[in-house]
Amino acid sequence: MLKLERALIRTHLVCSIIRMGVRTRSVRLLKAVNQDARHWQILALSGLFSISLTTSDFGARPMALFAAIVGAMFAQAAGTVWVNARKARRLADTGSHWRGSNLAAGFVGWFAGFQWKSALITSLSLSILLRANSLWFWLAAAFIAISAKFLIRYRGKHLFNPACIGIVVVSLLAGKAAWVSPGQWGQAPIFAAFAIGFAALVLSSAKRLDIALGFLVAFAAMLFGRALYLGDPMAIPIHQLQSGALLVFAFFMITDPRSTPDSRLARLLFAIAVAAVAAWLSWEYHIRGAMLFALAGLAVLTPLLDHLLPAKRFQWTPKKEPSNDSQTPRGSVRARPYVVRA
Amino acid sequence: MILRHLAGACALGLTSFALSAPSAAAFCGFYVAKADTDLFNDASKVVLVRDQDRTVVTMASDYRGDVNEFAMVVPVVDIPEREQINVANPALVDHLDEYTAPRLVEYYDENPCEAIRYELRSMAGAPQAVFAEEAAEMAPEDLGVTIEAEYEVGEYDILILSAEESDGLITWLNQNDYRIPYGAEEVVGAYLKRGMKFFVAKVNLERHDGSSMLRPIQVAYEDEDFMLPIRLGTVNAEGKQELFVFAITREGRVETTNYKTVKLPSNMDVPIFVKDEFGEFYKAMFEHQTDKQNGKAVFMEYAWDMSWCDPCAANPLSRSELRELGVMWLDEGPQGNVSPMPTPRPGIRPGPQPVDAFVTRLHVRYDGQTFPEDLNFQVTGDRENYQGRYVLRHPWRGDYGQCEAAGEYAESLVSRWDEEAKSLAKLTGWELEDIQGKMADGGFSASAIGVSEPAPKRKWWQRLWGN
């Protein structure tokens, strides 16, 4: 009897140790994910991708995602090498020893600061929102998106949200061969709940909930205002707000901290301007996917707003970056001491 | 055989069609019957031809009542000139309806003891739509109503009205026998505030030839907005409205941008008895699938290059028919998208000549709650062909004991019928037991072919060593 009791206690102990182990492991996993706001974004976007893939007859396609990833990673790799080479040259020019650059590490050095997470996010957003009749369009859109991130910059910040500019350029150039399908989400409330839940998580760590809500509130106000003016039933603006594309845009595009103004007030102004232009484009010109065009068109406002309302720049990873780093923040490479020679 | 199916189709009240007698052996898919839009009472059929900003809308009415009471009220973006309005031959829309209808295909199993060859038959079915709204004569202008234009087109008297206030317009319309349902003020007001005009038509009895059939009205216009106003139809709360939209473009499929577009489930094997009640099957399936989407989806029933079809529910439309429907680009410069005709093989029926036109058939069942907003469309570059197609497989009947293959075939039949019953239940929401009962009555059950009842499927290891 005593034996049995002891055995039971032992089992119990072992069980609790295992349980604790699981808990610490899951805590550790959670911490690892939470280290970078982009991890949450990748998870949430993967969830949206799966929903679109499984619930819509005209939804996202894995091959499109693959094409987008190929295009995005290629541009990202090329851009990274270009940035590193330029940095090395600058260090050499200023008298610093070449070993001070990342290139000291050889092949790995050339790709130091390779932002695969950002490229993956762009690929996911593209494949969720863009539809085309050839895989080349996703590849091209992703390539353009990431290239724009490296090439079109102002004071160390890229001007356009990559996915947004990729979609806008491709749909302008391709005519009817590439398009945005804003209506194919259906109004499944589960989708909204899912997106909002995940997005809230994302934004709480990327600190961009303000711009998402600012945009949604402004856009909703315009839809309701128009319904009131026209005498439409409120069912119409409510129906218009239940769009999956709107959620993806509000939570994963306009919130991109790297291409939106740094100060909160400026962000809110920016959000309202995008909402107003989007509403105007869709009412006056009946453009489908007007939000994307509005965001791309108004991107030039960001440097202006940053100039008028300056604030601290956002960094993806809460790490102290060298102040001369004007490029996309580095995530994966350990900081190496710079050897400076007079 | 073909003729018998055709006769059956006619007896069912489905639209019949001319069928050149092909040799059954060479033909791997032909049309036996179709599910008519006639199945749906008071459905509207609208053909939208769209290229850039140019649109031709053809509104077909299935109105069967007193022509004196017929009237049509449609919001339009601009004041059309007389040349922009036309009256079309109703057969055009019927032909398009038949061509795009969901279809039933038949295969006949061969004697399993011989080499298995399939023969295919097809049946198709399309519902037909109706457009019935109310209209009448004109009256005073103290109501703030301006008659912008007045035309006589075919049997119709057409007015283009603008107004300051919805109340005035509705009063005027009612005074002139356009029975506008109660509660339409808001909808009419919203269209007026957007600067839209009202296109109203009534039948002029002096010019009407007395036939009960009213011809479709066509309007050609230019506007960036590719939409179809449906909200007036939702005002009179007499249940759901049925609408078929046939969109013809150069580029490809048309989809709704503010409502989800869903493909009608297709390419399923269904029990043989469905042939005799294809109309019922189609109706039940559409209803069941609509419910599954909470009534909030637009169903795509057909999307195909107009140059051919396989199997064909009706011949592709000829160039002259397309031109009459408003396909304005046929004679304009180079034809970009004329896709190479698929290599001729049995079953594919090319049209009279390849055309640069892609047709999408959308089916909507709506009311004010599920579809609060007008339908907004966009043309996509998607040219993937899609059709509503359901397959009948006729079993081979004979002595299932004459060879080993025949025995195995008999067993496979039982599991096949089981699958067919399940997929029919899933498609239509019909009770599985009812379906199985009906199948058994027709001799499609294990006992009917003398196979030991449940014919439990042997595990793979049982088959492996045969013990």
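Fair warning: this is a prediction, and the values are worked out from it, not measured in the lab. (Residues numbered from 1 in each chain as written. Chains lettered and ligands numbered in written order. Predicted model: local features only at pLDDT ≥ 70, side-chain atom pairs only at ≥ 80, totals over all residues. Heavy atoms only, no water.)

Observations concerning the overall build of chain B
Our working rule: Strands are runs of DSSP state E lasting at least 2 residues, helices are runs of H or I lasting at least 4, and numbering of each runs from the N terminus. In what follows, residue pairs with any heavy atoms lying within 4.5 Å of each other are defined as contacts. Per-residue and other accessible areas were derived by the Shrake-Rupley procedure at a 1.4 Å probe size, with only the shown protein chains allowed to occlude residues.
Tallying secondary structure elements over chain B gives ten helices and 22 strands in all. By sequence separation, contacts in chain B at least 24 residues apart represent 81% of the contacts at least 6 residues apart. Carbon and sulfur atoms form 48% of the exposed surface of chain B, whose accessible area is close to 19500 Å².

Considering a negative patch on the surface
Residue and element names in this part refer to chain B. As a reminder, the rule being used: Every patch collects residues that have over 30% relative accessible area and no salt bridge, joining them within 9 Å if they carry like charges and within 5 Å if they are nonpolar side chains (Val, Leu, Ile, Met, Phe, Trp, Tyr). Each salt bridge in this description consists of a side-chain nitrogen of Lys or Arg and a carboxyl oxygen of Asp or Glu lying within 4 Å of one another. Charge assignment in this entry is limited to Lys and Arg as positive and Asp and Glu as negative, and neither His nor the chain termini are counted. Every charge is mapped to an atom, namely NZ of Lys, CZ of Arg, CG of Asp or CD of Glu. When accessible area is computed with a 1.4 Å probe and restricted to protein chains, residues below 20% of their type maximum are described as buried, those above 50% as exposed, and intermediate ones as partly exposed.
Together, Glu164, Glu165, Asp167, Glu185 and Glu186 line one region of the surface with negative charge. With respect to the element layout, Asp167 can be found in helix 3 (residues 166-175). Classification of Asp167 by relative accessible area gives partly exposed; the value is 47%.

Remarks on the sheet that holds strand 13 (residues 254-256) of chain B
Residue and element names in this part refer to chain B. Spelled out, the test is: At least two bridges found by DSSP between two strands is the condition for calling them paired.
With antiparallel pairing, three strands are arranged side by side in an open sheet as 11-20-13. Lying at the two open borders of the sheet, with one neighbouring strand each, are strand 11 (227-228) and strand 13. Strand direction decides the pairing type here: strand 11 and strand 20 (residues 375-379), joined by two bridges, are antiparallel. Its bridge partner lying in strand 20, Leu228 is registered against Leu375.

Observations regarding the interface of chain A and chain B
Just so we agree on the cut-off: Take the accessible area each of two parts loses on contact, using a 1.4 Å probe, and add the two losses: that sum is the buried area. Any pair of nitrogen or oxygen atoms within 3.5 Å is treated as a polar contact; in protein, a donor-acceptor pairing is required on top of that, and neighbouring residues in sequence qualify only through side-chain atoms on both sides. Residue classes follow a fixed rule: Ala, Val, Leu, Ile, Met, Phe, Trp, Tyr, Cys and Pro count as nonpolar, while Asp, Glu, Lys and Arg count as charged, and any other residue, Gly among them, counts as polar.
Contacts between the two partners involve 30 residues from chain A and, on the opposite side, 31 residues from chain B. Area buried by chain A at its contact with chain B is led by Phe58(A), Lys176(A) and Arg288(A), which between them contribute 25% of it. The interface formed by chain A and chain B holds two salt bridges in total. Between the two partners, chain A and chain B, sit 14 residue pairs in polar contact (both at pLDDT 80 or more). For the side of chain A that touches chain B, the elements supplying multiple residues, two or more each, are strand 4 (178-180), helix 9 (209-230) and helix 10 (235-241) of chain A. For the side of chain A that touches chain B, the per-class residue count stands at twelve nonpolar, twelve polar and six charged.

A word on the packing of aromatic side chains
As a reminder of what qualifies: Note on aromatic contacts: the rings of Phe and Tyr and the six-membered ring of Trp form a pair at centre separations within 6.5 Å, being stacked when their planes are under 30 degrees apart, edge-to-face when over 60 apart, and tilted otherwise. Think of it as a cone above the ring: NZ of Lys or CZ of Arg counts as a charge over the ring if it is within 6 Å of the ring centre and within 35 degrees of the ring normal.
On inspection of all chains with the given rule, the structure shows 18 aromatic pairs over all chains. Arranged with centres 5.6 Å apart and planes meeting at 15°, the rings of Phe215(A) and Phe219(A) form a pair that is stacked. Separated by four residues within a single helix, Phe215(A) and Phe219(A) lie in helix 9, roughly one turn from each other. You'll find Phe215(A) and Phe219(A) in the same group, each marked buried. Pairwise contacts between aromatic rings join Tyr99(B), Tyr302(B), Trp304(B) and Trp308(B) into one cluster. The cationic tip of Arg397(B) hangs over the ring face of Phe444(B); the distance from NZ or CZ to the ring centre is 5.0 Å.

Overview of helix 9 of chain A
Residue and element names in this part refer to chain A. Short version of the rule: Expected span, for any helix, means 1.5 Å times one less than how many residues it has.
With 22 residues, helix 9 extends 31 Å from end C-alpha to end C-alpha; this agrees with the ideal 32 Å at 1.5 Å per step. Three or more residues of helix 9 are buried, namely Asp210, Ile211, Ala212, Gly214, Phe215, Leu216, Ala218, Phe219, Ala220, Leu223, Ala227 and Leu230. Where helix 9 ends, the next residue or the one after it, Gly231, has phi of about 80°, a positive value.

Some points on the side chain of His95(B)
Residues and elements named next belong to chain B. Among the structural elements, His95 can be located in helix 2 (residues 90-100). A relative accessible area of 15% places His95 in the buried class. Ignoring sequence-local partners within four residues, the contact set of His95 consists of Ala314, Asn315, Pro316, Leu317 and Glu321.

Let's talk about the pattern of salt bridges
Two side chains with opposite charge may pair up if their charged atoms get near one another. Residue and element names in this part refer to chain B. If you walk through the whole model with that rule in mind, you get 29 salt bridges over all chains. In this structure, Asp51 engages Arg54 in a salt bridge whose closest nitrogen and oxygen atoms are separated by 2.6 Å. Its relative accessible area of 3% is what places Asp51 among the buried residues. Arg54 gets classed as partly exposed once you look at its relative accessible area, which sits at 24%. With a closest N to O distance of 2.8 Å, Asp382 and Arg253 form a salt bridge. Taken as a pair, Asp382 in the loop between strand 20 and strand 21 (386-387) and Arg253 in the loop between strand 12 (241-249) and strand 13 lie far apart in primary sequence, 129 residues in all.

Regarding the environment of His363(B)
Residue and element names in this part refer to chain B. Mapped onto the elements, His363 comes out in strand 19 (residues 358-366). Residue His363 is classed as buried on the basis of its relative accessible area of 0%. In sequence terms His363 and Phe286 are 77 residues apart; their C-alpha atoms lie 9.1 Å from each other. One polar contact links His363 to Glu301, side chain to side chain, over a distance of 2.8 Å.

Comments concerning the state of the cysteines
Residue and element names in this part refer to chain B. Put simply, the rule reads: Cysteine sulfur atoms are paired as a disulfide whenever they come within 2.5 Å of each other.
Applying the stated criterion across every chain yields a total of one disulfide over all chains. Covalent S-S linkage joins Cys309 and Cys312, the inter-sulfur distance amounting to 1.9 Å. Every disulfide takes its handedness from the sign of the S-S torsion; for Cys309 and Cys312 that torsion is 100°, giving right-handed. Cys309 gets classed as buried once you look at its relative accessible area, which sits at 0%.

Here's the deal with the nonpolar core
All names here are of chain B. Let me state the cut-off plainly: What is meant by a nonpolar core is a set of buried Ala, Val, Leu, Ile, Met, Phe, Trp, Tyr and Cys residues, joined one to another through side-chain atoms within 4.5 Å. Where each domain begins and ends is defined by an automated method or by a domain database.
Of all hydrophobic cores here, the largest spans 107 residues; its most connected members are Phe199 and Ile248. Here this core gets ten residues from one element, more than from any other, and that element is helix 8 (residues 404-428). Counting the residues that make up this core, at least three belong to each of domain 1 (2-392) and domain 2 (395-465). In this structure, Phe199 is in contact with Met72, Val73, Val74, Val76, Pro80, Ile85, Ile158, Leu159, Ile160, Ile217 and Val219, ignoring residues within four places of it in sequence.

A look at the side chain of Ser123(A)
Turning to its location among the elements, Ser123(A) is positioned in helix 5 (residues 116-129). In this view, Ser123(A) contacts Leu65(A), Ala68(A), Ile69(A) and Ala72(A); residues no more than four positions away in its chain are not counted.

Topic: the sheet that holds strand 5 (residues 103-108) of chain B
Residues and elements named next belong to chain B. Sheet architecture is open: three strands sit in the order 5-22-15, paired in parallel fashion. Looking at which strands have only one partner, the edges of the open sheet turn out to be strand 5 and strand 15 (268-269). Two elements, strand 15 and strand 22 (residues 389-394), share two bridges in a ladder whose sense is parallel. Across the sheet, Asp269 pairs through a bridge with Val391, a residue of strand 22.

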